[in-house]
Amino acid sequence: MYRLTHLKEIEAEAIYIVREVAAQFEKPVLLFSGGKDSIVLTHLAYKAFYPAKIPFPLLHIDTGHNFAETIEYRDDMVEQLGVTLVVGSVQESIDRGRVKEETGYYASRNKLQTITLLDTIEQYKFDAAIGGARRDEEKARAKERVFSHRDEFGQWNPKHQRPELWDIYNGAKNMGEHFRVFPISNWTEMDVWQYILQENIQMPRIYFTHQRSVFFRDNQWLAAESCMKLKPTETAEIKNVRCRTIGDISCTGLSLSEAHTVEDIIEEIAATRTTERGSRADDKRSETAMEDRKKSGYF
């Protein structure tokens, strides 16, 4: 008798959720950051509707401080899949006075993405935004439902979420409201990489060991890019590093690593005792940094 493996089971669940989004909502969009979770999510959407094309666009919120490898991968993938790409620009939000640029050594555009995201959702009238968040990433994300309701201001209240019994998802909403939907909510970091290996999904070079100019701050290595302001006591040096999670350059920590293949990454994750989000500087600003951002409309 044919039995589903663990990866096939969670793949089937995720594809079912993606199809539910297409069935229940009028104008969904898939949030694409260029990170591994959004890449896997795009692959799942591709499989969900094959041989037809993905029936909704991808949305990338461009901070202007992205790794070059991420943008290169994004553009190649969009061309290969023949999907529509919508780009929301944080720089445009700054220019319009919608957000204020942070200054100083710890300046970041990561938090500024929230307003750009909400403005873009409002501009295009998206009623569901599919994201790649997972419950094992961070404690605030563990509070999310799969269909996560947002009010007319795009805000999230973890105390006012709907029950989800078995595989019944309620997408009913009022005018101006929308949902964030998380098809891989029940996946782990290990699941993601094992699935990437199983499906032979091509990944951005930045996930594998490479040489990069970095500097050490607050117990983590950061990329010494032009958007980063080094303290007088900090110096850039060349190290063999890789990204474990990708975001705005200002908050993305890099890990010293010799992982050159997906198999190497899986072995590395199995042996590590640090969490994936432990390399994200934006989560260290306060104990509730992620939850505060999510309540205001963050991914």
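To be clear, the structure that these remarks concern was listed above.
These lines cover the structure that appears in this document, whether it is placed above or below. (Residues numbered from 1 in each chain as written. Predicted model: local features only at pLDDT ≥ 70, side-chain atom pairs only at ≥ 80, totals over all residues. Heavy atoms only, no water.)

**Describing the packing of helix α6 (residues 189–199) against helix α7 (residues 262–271)**
Pairs of packed helices are described in terms of their axes, by the angle between the two and the distance that separates them. Convention followed: The angle between two axes is taken between their N-to-C directions and runs from 0 to 180 degrees, where each axis is a line fitted to C-alpha atoms and a helix contributes only its stretch in contact. To qualify as a helix, a DSSP run of H or I must reach at least 4 residues; to qualify as a strand, a run of E must reach at least 2; elements of each kind are numbered from the N terminus. Should an angle lie under 35 degrees it is considered roughly parallel, over 145 roughly antiparallel, and from 65 to 115 roughly perpendicular; all remaining angles are considered oblique. It is the rotation of the near helix from the far one that decides the hand of a crossing: anticlockwise by less than a right angle makes it left-handed, clockwise makes it right-handed. Any two residues whose heavy atoms approach within 4.5 Å are treated as being in contact. All amino acids are sorted into three groups, where Ala, Val, Leu, Ile, Met, Phe, Trp, Tyr, Cys and Pro are nonpolar, Asp, Glu, Lys and Arg are charged, and the leftover types, Gly among them, are polar.
Their axes nearest at 10 Å, the elements α6 and α7 cross at an angle of 165°. With respect to α7, the element α6 is oriented roughly antiparallel. Classified by chirality, the crossing of α7 by α6 is left-handed. Each of Glu 189, Met 190, Trp 193, Gln 194, Ile 196 and Leu 197 in α6 lies in contact with α7, whose residues at this interface are Val 262, Glu 263, Ile 265, Ile 266, Ile 269 and Ala 270. Per-class residue counts for the contact of α6 with α7 are nine nonpolar, one polar and two charged.

**Regarding the nonpolar core**
Convention followed: Among buried residues, those of type Ala, Val, Leu, Ile, Met, Phe, Trp, Tyr and Cys that are joined through side-chain atoms within 4.5 Å constitute a nonpolar core. Any residue under 20% of the maximum accessible area for its type is buried, any over 50% is exposed, and the rest in between are partly exposed; the area is computed with a 1.4 Å probe on protein chains only.
Ranked by internal contacts, the top residues of the largest apolar core, which has 59 residues, are Phe 147, Trp 187 and Trp 193. Discounting chain neighbours no more than four positions away, the residues touching Trp 187 are Ile 10, Glu 11, Ala 14, Val 40, Leu 44, Arg 134, Asp 136, Val 192 and Tyr 195. Within the second largest apolar cluster, 13 residues are counted, among which are Leu 59, Ile 94, Leu 117 and Ile 121.

**Comments concerning the sheet that holds strand β1 (residues 28–31)**
Just so we agree on the cut-off: Strands are labelled as partners when DSSP assigns at least two bridges between them.
Pairing in this open sheet of six strands is mixed, and the strands run β3-β2-β1-β4-β6-β5 from one edge to the other. On the outer flanks of this sheet lie β3 (85–89) and β5 (147–150), each paired with one strand and no other. Strand-to-strand, the axes of this sheet are offset by a mean angle of 30°, without reference to chain direction. Here three bridges tie β1 to strand β4 (residues 128–130), and the two strands are oriented parallel to one another. Bridge pairing in β4 places Leu 30 opposite Ile 130.

**Thoughts on the sheet that holds strand β8 (residues 220–223)**
The strand order around the closed barrel formed by four strands is β7-β8-β10-β9, and the pairing between neighbours is antiparallel. With strand direction ignored, the average angle separating the axes of adjacent strands in the sheet is 70°. Strand direction decides the pairing type here: β8 and strand β10 (residues 253–256), joined by two bridges, are antiparallel. Of the residues in β10, the one forming a bridge with Leu 222 is Gly 253.

**Describing the side chain of Ser 148**
Filter applied, for reference: The definition of a polar contact used here is a pair of N or O atoms within 3.5 Å, where within protein one atom must be able to donate a hydrogen and the other to accept one, and adjacent residues in sequence count solely through side-chain atom pairs.
The topology assignment puts Ser 148 in strand β5. Ser 148 sits in the buried class, given a relative accessible area of 0%. A distance of 3.4 Å separates polar atoms of two side chains, one belonging to Ser 148 and the other to Gln 161. Not counting the four nearest positions on each side in its chain, Ser 148 is found in contact with Trp 156, Gln 161, His 178, Phe 179, Arg 180 and Phe 182.

**Description of unusual backbone geometry**
Here the bond from Tyr 50 into Pro 51 is cis, since omega is 10°, no more than 30 degrees from zero. Along the chain, the position of Pro 51 falls in the loop between α2 (36–49) and β2 (58–62). With a phi angle near 55°, Asn 200 is a residue other than glycine that sits in the positive phi range. By the secondary structure assignment, Asn 200 is in the loop between α6 and β7 (210–217).

**Brief notes about helix α5 (residues 113–124)**
In an α-helix, one turn spans 3.6 residues; hence positions three or four apart end up facing the same way. What counts here: Here, expected helix span is obtained from the residue count minus one, scaled by 1.5 Å.
In a regular helix each residue adds 1.5 Å, so 12 residues correspond to 16 Å; α5 covers 16 Å between its end C-alpha atoms and thus fits that length. Looking at α5, one finds that the buried residues are Gln 113, Thr 114, Thr 116, Leu 117, Leu 118, Asp 119, Thr 120 and Ile 121. Following α5 by one or two positions, Lys 125 adopts a phi angle in the positive range, close to 60°.

**Brief notes about the pattern of salt bridges**
Inclusion rule: Salt bridge, as applied in this entry: a Lys or Arg side-chain nitrogen positioned within 4 Å of an Asp or Glu carboxyl oxygen.
This model, assessed by the stated rule, comprises 17 salt bridges. The salt bridge involving Glu 11 is made with Lys 8; its shortest N-O contact spans 3.8 Å. Of this pair, Glu 11 and Lys 8 both sit in helix α1 (residues 6–24), three residues apart, which is roughly one turn of that helix. The residue Glu 268 makes a salt bridge to Arg 242 at a minimum N-O spacing of 2.8 Å. Placement of Glu 268 in helix α7 and of Arg 242 in strand β9 (residues 237–243) is noted, with a sequence separation of 26 residues between them. The class for Glu 268 is partly exposed, based on a relative accessible area of 25%. One network of salt bridges, in which partners are shared, links Lys 8, Glu 11, Lys 47 and Glu 199.

**Looking at the packing of aromatic side chains**
The geometry of an aromatic ring pair comes down to the distance between the two centres and the angle between the two planes. Put simply, the rule is: Side-chain rings of Phe, Tyr and Trp, where Trp is taken by its six-membered ring, are said to pair if the distance between their centres is within 6.5 Å; with planes under 30 degrees apart they count as stacked, over 60 as edge-to-face, and otherwise as tilted. Note on criteria: charge over ring means Lys NZ or Arg CZ within 6 Å of the ring centre, with the direction from the centre no more than 35 degrees off the ring normal.
A complete count under the given rule lists 11 aromatic pairs for this structure. Ring plane angle 90° and centroid distance 6.0 Å describe the contact between Phe 49 and Phe 56, whose orientation is recorded as edge-to-face. Assigned by exposure class, Phe 49 and Phe 56 land together as buried. Note on Tyr 124 and Phe 126: the rings are 5.5 Å apart at their centroids and 10° apart in plane angle, and the pair reads as stacked. For Phe 126, a relative accessible area of 6% translates into the label buried. Put simply, the rings of Tyr 16, Phe 25, Phe 147, Tyr 169 and Phe 179 touch in pairs and so form one group of aromatic residues. Taking the ring centre of Tyr 106 as reference, the NZ or CZ of Arg 217 above it sits at 5.0 Å. The ring of Tyr 105 has Lys 229 lying over it, and the distance from NZ or CZ to the ring centre is 5.0 Å.

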